[in-house]
Amino acid sequence: MISAIFVRRPRLAIVISLVISIAGLIAQRALPVEQFPDIVPPQVSVSATYPGANAEVVEQTIAQPLEAEINGVEDMIYMKSTSGNDGTYTLNVSFAVGSDPDLNTVNTQNRTSLATPSLPEEVQRQGLAVQKKSTALLQVFTLYSPNGTYDSLFLNNYVNINIIDALRRIPGVGDATLFGLQDYSMRIWFETDRLTALDLTPRTSSRRSAPRISRRRSAGSAPSRSATTSPCSST
């Protein structure tokens, strides 16, 4: 038996083991790294926002038109959607394993464009985001203030301005999501009698004031610190 030879000659067994170990260390740098095949179906995410709408309204006005058009797109396996009470809508479309993620994104974008005219005007103004993504969660970061100097609203705003975009620019990162997103807002009270005299409504006033605010921000002027700001949740 071969095993009996190594039992009777331990030095020979030690030498052979050392030779195999040294050969493995030398070949470690020369051997190519094997790439595992794709086993997870690629996904394309479609997200939209309807300010002020609940989950039922989002499902009726956004989910139904979008899913009717996207259903049956090339190489699609299944899709899953989520309608939130905060007016958010997310649709994850899963495609066949081995399909081209870029081509899947283009096909989904084309189907989304067909459904866009049937969506509410507020949703079209907010825009629809179509992007490829992976189902695997790579890593989770936590940002906190050790001494309690800054509250959660400040930290959310800091991450949204300075960190989230930098993470998305890292090669290989498909998307970065901020959980529990909070943001600053401004409350504006209208004088209803003056609006009536000028034949205006709150909707038309906001449309006229939005371009002015955008031009001021693009020119580099920051909002006044004396303005009353507070966290705002969709209603």
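Everything here concerns the structure above.
Within every chain, residues take consecutive numbers counted from 1 along the sequence as written. Under the rules for a predicted model, residues below a pLDDT of 70 receive no local features and side-chain atom pairs below 80 are neither given nor counted, while totals for whole chains, interfaces and linings still include all residues. To obtain the side-chain values, all non-hydrogen atoms of the structure were used and water was disregarded.

Draft legend 1. Geometry of the overall build of the chain. A count of helices and strands for the chain gives eight helices and six strands. Here a strand is any run of E in DSSP of at least two residues, a helix any run of H or I of at least four, and the numbering for each starts at the N terminus. Of the regular secondary structure in the chain, the N- to C-terminal order runs α-α-β-α-β-β-α-α-β-α-β-α-α-β. Within the span of the chain, comprising 235 residues, buried residues form 20% of the whole. Two residues qualify as a contact provided that any one of their heavy atoms is within 4.5 Å of a heavy atom in the partner residue. If you take every contact in the chain between residues at least 6 apart in sequence, the share linking residues at least 24 apart comes to 66%. With residues, only the protein chains shown are counted as cover, and all accessible areas are computed by Shrake-Rupley using a 1.4 Å probe. Surface accessibility of the chain: about 17800 Å² in total, with carbon and sulfur atoms responsible for 56%. Summary of the burial criterion: residues with accessible area below 20% of their type's maximum are buried, those above 50% are exposed, and those between are partly exposed, where the area comes from a 1.4 Å probe applied to protein chains only.

Draft legend 2. Just the environment of Leu 138, in detail. In this structure, Leu 138 sits in the loop between β4 (129-133) and α6 (152-168). Considering only alpha carbons, one finds Leu 138 and Ala 176, 38 residues apart in sequence, at a separation of 9.8 Å.

Draft legend 3. Here's a closer look at the pairing of strand β1 (residues 43-49). Among the seven residues in β1, five count as buried, and that is most of the element. When DSSP finds two or more bridges between a pair of strands, those strands are recorded as paired. Relative to strand β3 (residues 88-95), β1 runs antiparallel, the two being bridged by seven bridges. By the bridge assignment, Ser 45 is partnered in β3 with Asn 92.

Draft legend 4. Region of interest: the pattern of salt bridges. Just to be clear on terms, a salt bridge is a Lys or Arg side-chain nitrogen sitting within 4 Å of an Asp or Glu carboxyl oxygen. With the rule as written, the count across this model stands at four salt bridges. The partner of Lys 132 in a salt bridge is Asp 102, and the shortest N-O contact between them spans 2.4 Å. Of this pair, Lys 132 sits in strand β4 while Asp 102 sits in helix α4 (residues 101-115), and the two are 30 residues apart along the sequence. Residue class for Lys 132 comes out partly exposed when judged on its relative accessible area of 41%. Taking relative accessible area as the criterion, Asp 102 reaches 42% and is therefore assigned partly exposed. The salt bridge partner of Glu 122 is Arg 125, with a shortest N-O separation of 2.9 Å. Here the residue Glu 122 and the residue Arg 125 both occupy positions in helix α5 (residues 121-126), the gap between them amounting to three residues, near one helical turn. Assessed through its relative accessible area of 23%, Glu 122 is described here as partly exposed. You can call Arg 125 partly exposed: its relative accessible area is 43%. Several salt bridges converge on common partners, so that one network encompasses Glu 121, Glu 122 and Arg 125.

Draft legend 5. Examining α6 more closely. Bend is the name given here to the angle between axes fitted to two runs of seven residues, the run ending at a residue and the run starting at it. At Asn 160, α6 shows its strongest bend, of approximately 45°. Listed in full, the buried residues belonging to α6 are Leu 153, Leu 155, Asn 156, Asn 157, Val 159 and Ile 164.

Draft legend 6. Summary view of the nonpolar core. Grouped together as the largest cluster of nonpolar side chains are 19 residues, with contacts concentrated most on Ile 62, Leu 66 and Tyr 89. Elements that contribute at least two residues to this core include exactly β1, α3 (55-70) and β3. Ranked by the residues each element gives to this core, the list is headed by α3, at five residues. Setting aside residues no more than four positions away along its own chain, Ile 62 makes contact with Ala 48, Tyr 50, Val 57, Tyr 89, Leu 119 and Val 123. Think of a nonpolar core as a cluster: buried Ala, Val, Leu, Ile, Met, Phe, Trp, Tyr and Cys residues, connected wherever their side-chain atoms sit within 4.5 Å.

Draft legend 7. Broad picture of the packing of aromatic side chains. Aromatic rings from Phe, Tyr and Trp, with only the six-membered ring used for Trp, were paired whenever their centres fell within 6.5 Å, and each pair was classed as stacked if the ring planes differed by under 30 degrees, edge-to-face if by over 60, and tilted otherwise. Per the stated rule, a full pass over the model turns up one aromatic pair. Between Tyr 150 and Phe 154, the aromatic rings sit 4.4 Å apart at their centres with planes inclined by 15°, giving stacked as the arrangement. Assessed through its relative accessible area of 46%, Tyr 150 is described here as partly exposed.

Draft legend 8. Region of the structure containing the sheet that holds β4. If you trace the four strands from one edge of the open sheet to the other, you get β2-β3-β1-β4, paired in antiparallel fashion. Of all strands in the sheet, those bounded by a partner on one side alone are β2 (76-83) and β4. If you compare each strand with its neighbour and ignore which way they point, the axes differ by 20° on average. Simply put, an axis is a line fit to the C-alpha atoms, just over the touching stretch for a helix, and the angle between two N-to-C directions goes from 0 to 180 degrees. The sheet contacts of α3 involve β1, β2 and β3, and relative to β3 the element is tilted by about 30°. Each of β1, β3 and β4 is contacted by α4, which is oriented at about 160° to β4, the strand it contacts most.

Draft legend 9. Inspection of the pairing of β2 at higher detail. Relative to β3, β2 runs antiparallel, the two sharing seven bridges. Counted as the bridge partner of Ser 83 is Tyr 89 from β3.

Draft legend 10. Main features of unusual backbone geometry. Of note in the backbone geometry, Asp 75 takes a positive phi value of approximately 70° without being a glycine. Relative to the elements of secondary structure, Asp 75 occurs in the loop between α3 and β2. Classification of Asp 75 as partly exposed rests on a relative accessible area of 37%.

None of this, on its own, says anything about what the molecule does.
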